[in-house]
Amino acid sequence: MKIAYYPGCSLEATAKEYDLSARTVCRHLGLEMAELQDWNCCGATSAHSINHLLALALPARNLALAQEEAAQCLVAPCSACYNRLKTAAYVLQENEVERKKVEEVVGFKFNGTVNVQSLLETIYYQVGADTMASLVKKPLTGLKVVCYYGCLLVRPPEITGFDQTENPVILDKIVSSLGAEPLMWSYKTDCCGASLSLVKSDAVQEMVGLLLDMAAEAGAMAIVTACPLCQSNLEMRRKKPFSGIPAFFFTELIGLAFGMPEERNWWPKHLVDPFPLLRSLSLAG
Amino acid sequence: MQIMTSKGPVMLDLSFIQEIKKRSGQAIELCYQCQKCSSGCPVAEHADYHPNQVVRMIQYGLKERILNSSFIWLCSGCETCGARCPNGIKIAAVTDALREMAVKERALSGEKNIPLFHNAFLNSVRRDGRVHELSMMAQYKLRSRTLFADLDIGLKMFKKGKFAFLPKRIKRLKEVRQIFKEAAKQ
Ligand code: SF4
Ligand code: SF4
């Protein structure tokens, strides 16, 4: 299967460690992905906030590029990109009037052959938890985490088709295949404040504060995410800056458990230093 | 239509609900005020109205008040309300429509900085085809006059090499510019 990788803008800068770990881990898992050539920004929250057509046409151009490359699967590690790409594909499939308009603006014919997936789904469904477990060299024994899915990976359910809207489990399954212990908590799909971070930081700090408090109450040593916006809000918007439990990208934990040497390049990029935790579990030197 | 209230006269726009229904595709008239949307809404406590109130206000035709509310800008589009509403009303789609109208009618008093942020973001996409976070943030901070907020975090991110200095411009930028041009006509 031909997979096109759509890193998205955050992974080129603020979430570089997600991009690095994702590429390394996928190579190791035998998932062959090539970066989508000449991809453009999906428009994120800003486009759909103020212009309906822009919100569809920007991601649709990426669908057009994937079609051009004859990719069967377009994989986005960022939940926001995934959501915009998936929404565009859904609307183009379901709504003829919108499809005609977008096709004209972007200059392509939508054929519905490209399946948009989040990286989390790609790894879970194309590799599977059992294979993952068989590749573990350094089990994450003793690492208690809460899995945080956030909003855009799971909702709206009719578009994402994600495993369970109120209690998704695939990230928990991946984490336990690595030897870590995913804990029960009720905040898996609550909102982190997303793009309000820069403009309404006080409100986001309260939203993140609640998530961190509840993670602590569940007994978590870390939070695991699959989204650059969630991860940066979780580490950035804290009442006491840069302290407390770290937020990992799930790909970082996979790389750690696989014993990949590249792992040491990822941790220094975190705003909350993960070394004390990793050392306490003898997972880092 | 105008009505008198204890706080003075209020304009009601009775075609407002039709307009929002058309733009958002949501069956706003079905709402029976169960408030399930508001109880799960992460921004309700930070905004001037709760989502169920906004739906009722649309039914009443309180256009001006809604377009100038902070709620429409604070809605994070988390889709929790839509996934839980017993009548399948997606308030995220409704707020998208409301924001689009507010921009068109230049009714932006509810929350001035958030539209400035969206503009800075989209300007960056139009310029290079991708967002360059560093210059996008600089533009937003200059225009919103919030230059010194988050300086400590910015500095730390800088030290950790979390910013790319130069934007990555895409090759077929013309195609993205064309999309922006067409979208502006809407
Ligand atoms: S959940 Fe739906 S029906 Fe209930 S108040 Fe909100 S919009 Fe109305
Ligand atoms: S989509 Fe908007 S209105 Fe609905 S729950 Fe989320 S923030 Fe609240």
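Predicted, not measured: the structure shown is a model, and the values here were computed from it.

Draft legend 1. Structural view of the pattern of salt bridges. Applying the stated rule across the entire model yields 27 salt bridges over all chains. We note a salt bridge from Arg 172 of chain B to Glu 68 of chain A, for which the minimum N-O separation is 3.3 Å. A residue pair is termed interchain when its members come from two chains, as with Arg 172 of chain B in the loop between helix H10 (151–159) and helix H11 (173–184) and Glu 68 of chain A in helix H3 (residues 52–68). Exposure remark for Arg 172 of chain B: the relative accessible area of 33% places this residue in the partly exposed category. For Glu 68 of chain A, a relative accessible area of 55% puts it in the exposed group. A salt bridge links Glu 166 of chain A to Arg 84 of chain B; its shortest N-O distance comes to 2.9 Å. In this pair, Glu 166 of chain A sits in the loop between helix H8 (157–160) and helix H9 (170–177) while Arg 84 of chain B sits in helix H6 (residues 80–84), so the two residues belong to two different chains. In this structure Arg 84 of chain B comes out as partly exposed when scored by relative accessible area, which is 25%. What emerges from the salt-bridge pattern is a single network uniting Asp 38, Arg 61 and Glu 68 of chain A together with Arg 172 and Glu 175 of chain B.

Draft legend 2. Highlighting the pairing of strand E2 (residues 8–11) of chain B. All names here are of chain B. Examined bridge by bridge, strand E1 (residues 2–5) and E2 share 4 bridges and lie antiparallel to one another. When the sheet's bridge partners are listed, Gln 2 is paired in E2 with Met 11. In sequence, E1 turns back onto E2 through a hairpin of 2 residues.

Draft legend 3. Broad picture of the interface of chain A and chain B. The interface of chain A with chain B comprises 54 residues on the first partner and 56 residues on the second. Counting the contacts that link chain A with chain B gives 9 salt bridges. In this structure, Arg 61 of chain A engages Glu 175 of chain B in a salt bridge whose closest nitrogen and oxygen atoms are separated by 2.7 Å. The interface formed by chain A and chain B contains 28 residue pairs in polar contact (both at pLDDT 80 or more). Of all the secondary structure elements, the ones that give two or more residues to the side of chain A that touches chain B are helix H2 (44–50), H3, helix H5 (96–106), H8 and helix H10 (201–218) of chain A. In terms of residue count, the dominant contributor to the side of chain A that touches chain B is H3 of chain A (8 residues). Counted by class, the side of chain A that touches chain B contains 28 nonpolar, 13 polar and 13 charged residues.

Draft legend 4. Highlighting the domain arrangement of chain B. Splitting chain B by domain gives domain 1 (2–104) and domain 2 (114–185). Each of domain 1 of chain B and domain 2 of chain B has a C-alpha centre, and these two points are 29 Å apart.

Scoring rules and cut-offs
Residues numbered from 1 in each chain as written. Chains lettered and ligands numbered in written order. Predicted model: local features only at pLDDT ≥ 70, side-chain atom pairs only at ≥ 80, totals over all residues. Heavy atoms only, no water. Salt bridge = Lys/Arg side-chain N within 4 Å of Asp/Glu carboxyl O. Helix = DSSP H or I, 4+ residues; strand = E, 2+ residues; numbered from the N terminus. Buried < 20%, exposed > 50% of the residue type's maximum accessible area, 1.4 Å probe, protein only. Pairing = 2+ DSSP bridges. Contact = heavy atoms within 4.5 Å. Polar contact = N/O pair within 3.5 Å; in protein donor to acceptor, adjacent residues only side chain to side chain. Nonpolar A, V, L, I, M, F, W, Y, C, P; charged D, E, K, R; others polar. Domains from an automatic or database assignment.

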